[in-house]
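# A structural walkthrough
Here is what each chain is made of, one letter per residue.
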Amino acid sequence: MYPQQIIDALRHVRYPGTGKDLIESGMLEDDIRISGFEVAFSLIFPKENDPFMRSVVKASEAALRTYVDPNVVVKIHTKTPPNPSPQAGGTKSVPVRAKHIIAVHSGKGGVGKSTVTANLAVALAQAGYRVGLLDADIHGPSIPKMFRCEDARPYSVEEDGRTLIEPIEQYGVKMLSIGFFVDPGSAVIWRGGMASNAIKQLIEDAHWGELDYFLIDLPPGTSDIHLTLISELQLTGVIVVTTPQPVALVDARKGVEMFRNEKVNVPILGLVENMSWFTPAELPENRYYIFGKDGGKALAAELGIPLLGQIPLVQSIREGGDEGLPIALQPGHPAAIEFDKIAGQLAN
């Protein structure tokens, strides 16, 4: 064996964070050592807690056995770039400082993902936690309306020589959304790269402070934004939102499999079934299963993930979202109690 064989083999391995191969990404350290059938070298990852580290190392080992020799013994060291000294030129972006970073995802739109995210954030804040909320749904930002702060405009603050965006705070929740920076009557027509860069700026260039929970309202489906967030942040896990309807369950299953993919490898914290049944205000004991019965519950059991809760389809939840007063603000309301239970399960 000789070094060029190792280099050529690693050209077949892509780093999911950039979509480029390891050589093109400049991730191979110049320290290849070969002794008989033993090979050792180092891979440089962008950050210490890189979520792709394990899968890239495994893929590199497999590539050498496939393209060099099936009997090769591989030892791969992982490294991260040294932090630049403050005097060495400029400042460095600092990701959000939170004990737990949780993304809320849905396979398709219209299942109440943003409603669940908003109420969960409020429930956690009312329980005494420091909560941040990022509206990462670039093309359909709804968090500003759900928190009654559509007209708010974040301002900048100075910290350690950096100019940072000050999040809007409402109901004890710090939040940022692209909706604060664009005309609410205009469509946001951005390509994937532009949208991803905007999200990165809202994460890295914001004055989030110390948080217990940082919730991310993801766009529906899968996109560059999802990969950007996974590569930028060490996610604690993901909550998947669906309705019991079979059409929604198909997409919810795809979402779960995406995060379980070995190249992504983000834990699924649980599933929330929204619009589980309709209960008329005048008949509070009645349940009408408009979208099917227990579809999300069955999917959670099948996939081996916790069912965090079942949210009924009631008018007051919709009204709370439209009026900017999340139902979780109403102690004792049956729906608020359900969101409190979900928040408690999440904290536990």
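First, a word on scope: everything that follows refers to the structure included in this document. It should be emphasised that the depicted structure is a prediction, and the values quoted were computed from it without experimental measurement. (Residues numbered from 1 in each chain as written. Predicted model: local features only at pLDDT ≥ 70, side-chain atom pairs only at ≥ 80, totals over all residues. Heavy atoms only, no water.)

## Here we look at the sheet that holds strand β3 (residues 73–79)
- Here we have three strands laid out as an open sheet, ordered β1-β2-β3, and mixed in their pairing. In this open sheet, the two strands that pair with only one neighbour each are β1 (33–35) and β3. The mean angle between the axes of side-by-side strands here comes to 15°, regardless of whether they run parallel or antiparallel.
- Two strands pair when backbone bridges link them, and strand β2 (residues 38–44) and β3 are joined in this way by seven bridges, in the parallel orientation. Across the sheet, residue Leu-43 finds its bridge partner in β3, namely Thr-78. (Pairing = 2+ DSSP bridges. Helix = DSSP H or I, 4+ residues; strand = E, 2+ residues; numbered from the N terminus. Axes fitted to C-alpha atoms, helices over the stretch in contact; angles between N-to-C directions.)

## So, the pairing of strand β13 (residues 307–313)
- For β13, the tally of buried residues reaches five of seven residues, placing the bulk of the element in the interior.
- Note on the crossover from strand β12 (residues 268–278) through helix α8 (residues 295–303) to β13: the handedness is right-handed. (Buried < 20%, exposed > 50% of the residue type's maximum accessible area, 1.4 Å probe, protein only. Right-handed = clockwise from strand over helix to strand, strands pointing away.)

## Section: the environment of Ile-34
- With respect to the element layout, Ile-34 can be found in strand β1.
- Residue contacts for Ile-34: discarding those within four places in its chain leaves Met-1, Tyr-2, Pro-3, Ile-6 and Val-39. (Contact = heavy atoms within 4.5 Å.)

## Description of the side chain of Asp-31
- Position of Asp-31 relative to the elements: it lies in the loop between α1 (3–10) and β1.
- There is a polar contact of 2.6 Å between the side chain of Asp-31 and the side chain of Ser-42.
- Once you skip the residues sitting within four places of it in the chain, Asp-31 turns out to touch Ala-40, Phe-41, Ser-42 and Lys-79. (Polar contact = N/O pair within 3.5 Å; in protein donor to acceptor, adjacent residues only side chain to side chain.)

## As for the packing of helix α7 (residues 246–260) against α8
- Taken N-terminus to C-terminus, the directions of α7 and α8 make an angle of 30°; their axes are 11 Å apart at the nearest point. Relative to α8, the element α7 lies roughly parallel. Viewed along their axes, α7 and α8 form a crossing whose handedness is right-handed. Residues Leu-249, Ala-252, Arg-253, Val-256, Glu-257 and Arg-260 of α7 form the contact with α8, whose own contacting residues are Gly-295, Gly-296, Leu-299, Glu-302 and Leu-303.
- Across the contact of α7 with α8, the residue classes break down as five nonpolar, two polar and four charged. (Parallel < 35°, antiparallel > 145°, perpendicular 65-115°, else oblique. Left-handed = near helix turned anticlockwise from the far one by under 90°. Nonpolar A, V, L, I, M, F, W, Y, C, P; charged D, E, K, R; others polar.)

## Things to note about α8
- Turning to α8, its buried residues number three or more, namely Gly-295, Gly-296, Leu-299, Ala-300 and Leu-303. Buried residues of α8, seen end-on, are gathered within an arc of 135° and therefore sit on one face of the element. In α8, the exposed positions angled more than 90 degrees off the buried face are occupied by Ala-301 and Glu-302.
- Looking at the packing, one finds that the buried side of α8 touches β11 (237–242), α7, β12 and β13.
- At the C-terminal side of α8, Gly-304 shows a positive phi close to 70°. (Arc of directions from axis to C-beta.)

No statement about biological role is implied by the geometric values presented.
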